[in-house]
Amino acid sequence: MKEQKPGYCTLCRSRCGSLNTVENEKLVAVEPLPGHPTGGALCAKGRAAPEIADSPRRLTRPLRRTRPKDDPDPGWTEVTWDEALDDIARRMREIADAHGPQAVAFAATTPSGTPMVDSIDWVERLVRAFGSPNLLYAVENCGWHKDYAHELTFGADIGAPDYDAADLIILWGHNPARTWLAQATRIADARRRGARVVVIDPKRGGSGQQCDLWLGVRPGSDAALALGALRHLIHERSHDEDFVRSWTNAPYLVDLATGRLVRSAELPGH
Ligand code: SF4
């Protein structure tokens, strides 16, 4: 029996809406799902879902190593989920009792590019409830600043861009046509509506091929471009001065000797 089931691709953070053809309980085809908020397109990885689901190399049951870690033959033996979970819980408890929970390190695949995206919050809760500060992520170079730099600098994450209302969209070191298909679809919609798209990236492939202006900076020269753009805005007085004064640290004094912002306590008379 052949059925078509609406759903979404879980293989990365984009979560593209998909129409899944299931024949005799086997996934045989995946297509975009127009009408779904993220269903405009699927990348090659999403379309390959039937191969992934049906791959003989896919791990679907827990395996326990029965030989030492330096043995070239791990001696994998299939165990039930209950056995695997009991074994892991017992060992975690033994280590925590002997050395403290911080002696246990957890590792997770990247939430950006794997199905871990829908589970990572629960993994983080487990790690914190257990009491370990050690969670190892495989995070891409492009993901680290997005997830942490804003949080550490401003106390909040980078937020979600409002592509639907934007007149100008600047993609700087971000290539959603390659890495976040649902965003690329929304940007294409915005461009059709009249928004202009600028891409700043040494490589043109992907979003750089679908923009109004591509600035192919040399790797490592982004700061020079940013400073040049700032200088131009100030020189032409085309910046929003009220906004800059109220919401940025641009009007603050800088101590040229240290390069740090001057504190009120350091001013004469304080
Ligand atoms: S971009 Fe590709 S892998 Fe990611 S959710 Fe969409 S189809 Fe799946």
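Residues numbered from 1 in each chain as written. Predicted model: local features only at pLDDT ≥ 70, side-chain atom pairs only at ≥ 80, totals over all residues. Heavy atoms only, no water.

### Points about the overall build of the protein
Phase 1 of the analysis: Looking only at helices and strands, one finds nine helices and 12 strands in the protein.
Phase 2 of the analysis: In terms of C-alpha radius of gyration, the protein reaches 25 Å, well past the compact-globule figure of 18 Å for 270 residues.
Phase 3 of the analysis: Here the protein, with 270 residues, has 26% of them falling under the buried criterion.
Phase 4 of the analysis: Once local pairs closer than 6 in sequence are excluded, the contacts in the protein between residues at least 24 apart make up 39%.
Phase 5 of the analysis: For the protein, the computed accessible surface area is about 19100 Å², with 55% contributed by carbon and sulfur atoms.
Phase 6 of the analysis: Looking at charge distribution, the protein has the averaged site of its 34 positive side-chain charges lying 3 Å from that of its 36 negative ones. (Helix = DSSP H or I, 4+ residues; strand = E, 2+ residues; numbered from the N terminus. Rg over C-alpha atoms; globule rule 2.2 N^0.38 Å. Buried < 20%, exposed > 50% of the residue type's maximum accessible area, 1.4 Å probe, protein only. Contact = heavy atoms within 4.5 Å. Areas by Shrake-Rupley, 256 points an atom, 1.4 Å probe, with all protein chains shown as cover. Lys, Arg positive; Asp, Glu negative; His and termini not counted. Charge placed at Lys NZ, Arg CZ, Asp CG, Glu CD.)

### Observations concerning the confidence of the model for the protein
Phase 1 of the analysis: Across the protein, pLDDT averages 92, with 99% of residues at or above 70.
Phase 2 of the analysis: Strand E9 (residues 196-200) holds the highest mean pLDDT among the elements of the protein, 98, whereas helix H5 (residues 141-154) holds the lowest, 76. (pLDDT = per-residue confidence, 0-100.)

### Some details on the site of the ligand
Phase 1 of the analysis: For the ligand, the full set of nearby residues is Cys9, Leu11, Cys12, Ser14, Arg15, Cys16, Leu42, Cys43, Lys45, Gly46 and Leu181.
Phase 2 of the analysis: Residues belonging to the shell around the ligand are distributed by class as follows: seven nonpolar, two polar and two charged. (Near = heavy atom within 4 Å. Nonpolar A, V, L, I, M, F, W, Y, C, P; charged D, E, K, R; others polar.)

### A look at the side chain of serine 207
Phase 1 of the analysis: With respect to the secondary-structure elements, serine 207 resides in the loop between E9 and strand E10 (213-215).
Phase 2 of the analysis: Among residues more than four places away in sequence, those in contact with serine 207 are Leu171, Asn175, Pro176, Ala177 and Val199.

### Some details on unusual backbone geometry
Of all residues except glycine, most have a negative phi; of all peptide bonds, most are trans.
Phase 1 of the analysis: Notably, arginine 15 is not glycine yet its phi reads approximately 50°, a positive angle.
Phase 2 of the analysis: Summarising the element assignment, arginine 15 is placed in the loop between strand E1 (2-8) and strand E2 (17-23).
Phase 3 of the analysis: A positive phi angle, close to 50°, is found at asparagine 24, a residue other than glycine.
Phase 4 of the analysis: Structurally, asparagine 24 can be placed in the loop between E2 and strand E3 (26-32).

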